[in-house]
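A look at the structure
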Amino acid sequence: MIRYHKDPKTRIATITLDRPDHLNAPTIAARLRYADLIHRANVDDEVKVLVIRGAGNNLGAGADLPEQEEMLNDDGEYSLLHEFRIGENEGVKYPPKGSFRYLGQLNQLYANSNFGCRSLQDFKKISILEVKGYCYGWHFYQAADADLVISSDDALYGHPSFRYVGWGPRMWQWAQTMGLRKFQEMVFTGRPFTAKEMYDCNFLNSVVPREQLDAEVQKYALACSRTRPTDVVVMQKQFFEIMKQHQGEYMGSLLTSWLEGMFPAVRNDADELTLNKETFGKGLNNAVKDNDGLYPPEFRLSKGARKAKK
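These figures come from a predicted structure and were not determined experimentally.

Calculation criteria
- All residue numbers here refer to positions counted from 1 along the written sequence of the relevant chain.
- Under the rules for a predicted model, residues below a pLDDT of 70 receive no local features and side-chain atom pairs below 80 are neither given nor counted, while totals for whole chains, interfaces and linings still include all residues.
- Processing note: side-chain calculations cover all non-hydrogen atoms of the structure and skip hydrogens and water entirely.
- Think of it this way: any DSSP run of H or I at least four residues long counts as a helix, any run of E at least two long counts as a strand, and we number them from the N terminus.
- The cut-offs for exposure are 20% and 50% of the maximum accessible area for each residue type, with area from a 1.4 Å probe on protein chains only; residues under the lower value are buried, those over the upper are exposed, and the others partly exposed.
- Nonpolar cores were defined as sets of buried Ala, Val, Leu, Ile, Met, Phe, Trp, Tyr and Cys residues, with membership established by side-chain atoms within 4.5 Å.
- Strand pairing requires that DSSP identify at least two bridges connecting the strands.
- Here an axis means a line fitted to C-alpha atoms, over the contact stretch when the element is a helix, while the angle between two N-to-C directions is reported on a 0 to 180 degree scale.
- Residues are treated as being in contact if the distance between any of their heavy atoms lies within 4.5 Å.
- What goes into a patch is any residue over 30% in relative accessible area without a salt bridge, connected to like charges within 9 Å or, for nonpolar side chains (Val, Leu, Ile, Met, Phe, Trp, Tyr), within 5 Å.
- Exposure was quantified through the Shrake-Rupley algorithm and a 1.4 Å probe, taking into account, for residues, occlusion by the shown protein chains and nothing else.
- By definition, a salt bridge exists where a carboxyl oxygen of Asp or Glu is found within 4 Å of a side-chain nitrogen of Lys or Arg.
- Note on terminology: angles under 35 degrees are roughly parallel, angles over 145 are roughly antiparallel, angles of 65 to 115 are roughly perpendicular, and the others are oblique.
- By definition, turning the near helix anticlockwise from the far helix through less than a right angle yields a left-handed crossing, and turning it clockwise yields a right-handed one.

1. Overview of unusual backbone geometry
Comment: phi is negative for the bulk of residues other than glycine, and the bulk of peptide bonds are trans. Unlike most non-glycine residues, Asn24 shows phi in positive territory, near 60 degrees. Secondary-structure assignment places Asn24 in the loop between strand 2 (12-17) and helix 1 (28-43). Residue classification places Asn24 among the buried positions, given a relative accessible area of 3%.

Structure follows, in structure tokens:
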């Protein structure tokens, strides 16, 4: 699901999310491997630039929600020790459902760069994200954290938490990179933004037709690999990191992890789509499709549904 390749000659490494039949959704294990690979690239003197891309027609549409079905359901006991890299037989008892810590400490974990959500934020070299098709959910986090984002003109950006699951973890990073006014529009309408809209927000560095995307990413990657020494790049990244922390990046991560941890305490409005046993029993794709149909075509999450007539 996660492929890694490096070219010591150019000092460009590539992480490929390779699960196209599931829209490149990372499993928990794949997300942890992703974090480990970024950590290794950060240390490796043969890597100066890291490119992240997706196999197939999309970068990705977010995490593997069916894998999280038992976590999101209200009934039954379920341990999240595997998220913490702790085995079930290591003598550690996970807090039960119904406690704040059940989801609260998991969402706080996501603010840690070792667990695959915030890893690019702490990467001290140059990261470039190649985006095509869907860039939703977890993949949208990567777009906020990458140093440069190169996009095909058919890409869509957003997060399903603004429609039907969660509250939008790490919202600080999107508010900063998109601008508050436009990000609030995304949050409150739940609609995805096109590549052109994201470029107009100064979120993207370049937008090209799909057939030119690989060449455009390679152009940027080679240019970055030939600039100042890696030591200088790391010092420059430290400068940007200090700016972000002065503005409250990590505090934003902790605040939104607290917000996400309150998920079980929030009462849904009538007829609102909720990820519960009934929804998963109906089929997540069917439930999301029905919910998507409640919105104008240009507000819909599905590429196919966006082309439908009113």
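Let us keep going from here.
2. Some words on the nonpolar core
Counting residues in hydrophobic clusters, the biggest one holds 57 residues, and the most contacted among them are Ile15, Leu106, Phe140, Tyr157, Met198 and Phe203. It is helix 1 that provides the largest number of residues to this core, a total of seven residues. Listed in part, the 14 residues of the second largest apolar core include Ile12, Val49, Val217 and Ala221.

3. Description of the sheet that holds strand 3 (residues 49-54)
Here six strands make up an open sheet; going across it, the order is 1-2-3-4-6-9 and the pairing mixed. Each end of this open sheet is capped by a strand with a single partner; those strands are strand 1 (2-7) and strand 9 (206-208). With direction set aside, neighbouring strand axes in the sheet form an average angle of 15 degrees. Packing against the sheet, helix 1 makes contact with strand 1, strand 2 and strand 3, and its axis sits at approximately 15 degrees to strand 1. Strands strand 2, strand 3, strand 4 (126-131), strand 6 (148-152) and strand 9 of the sheet are contacted by helix 8 (residues 213-225), whose axis makes an angle of about 175 degrees with strand 4.

4. A few points about a nonpolar patch on the surface
A surface patch of nonpolar side chains, amounting to about 300 Å² of accessible area, comprises Phe100, Trp258 and Leu259. Along the chain, the position of Leu259 falls in helix 10 (residues 249-261).

5. Section: the pattern of salt bridges
Opposite charge on two side chains permits them to pair, given that their charged atoms come into close proximity. According to the stated counting rule, one finds 19 salt bridges in the structure shown. In this structure, Arg31 engages Glu83 in a salt bridge whose closest nitrogen and oxygen atoms are separated by 2.7 Å. With Arg31 in helix 1 and Glu83 in the loop between helix 2 (69-72) and helix 3 (100-109), this pair connects stretches of sequence that are 52 residues apart. Judged by relative accessible area, which is 5%, Arg31 ranks as buried. Two residues, Lys196 and Asp200, come together in a salt bridge whose shortest N-O distance is 3.0 Å. A residue pair is termed a helical-turn pair when its members lie 3 or 4 positions apart in one helix, as Lys196 and Asp200 do in helix 7 (residues 195-200) at four residues.

6. Considering the packing of helix 3 against helix 10
For the pair helix 3 and helix 10, the least separation of the axes is 8 Å and the interaxial angle reads 150 degrees. If you check the angle between helix 3 and helix 10, you find them roughly antiparallel. The two elements helix 3 and helix 10 meet at a crossing, and its hand is right-handed. In this structure, helix 3 contributes Phe100, Leu103, Gly104, Asn107 and Gln108 to the contact, and helix 10 contributes Leu254, Ser257, Trp258, Glu260 and Gly261.

7. Describing helix 3
For helix 3, the set of buried residues is Tyr102, Leu103, Gly104, Leu106, Asn107 and Leu109. Where helix 3 is buried, its residues meet helix 2 and helix 10.

8. Some thoughts on the packing of helix 4 (residues 138-145) against helix 5 (residues 171-178)
Between helix 4 and helix 5, the least distance of the axes is 9 Å, while the angle of their chain directions is 55 degrees. Judged by the angle between their axes, helix 4 and helix 5 are oblique. Here the hand of the crossing between helix 4 and helix 5 comes out left-handed. Packed against helix 4, whose contacting residues are Phe140, Tyr141, Ala144 and Asp145, the element helix 5 presents Gln173, Trp174, Thr177 and Met178 at the interface.

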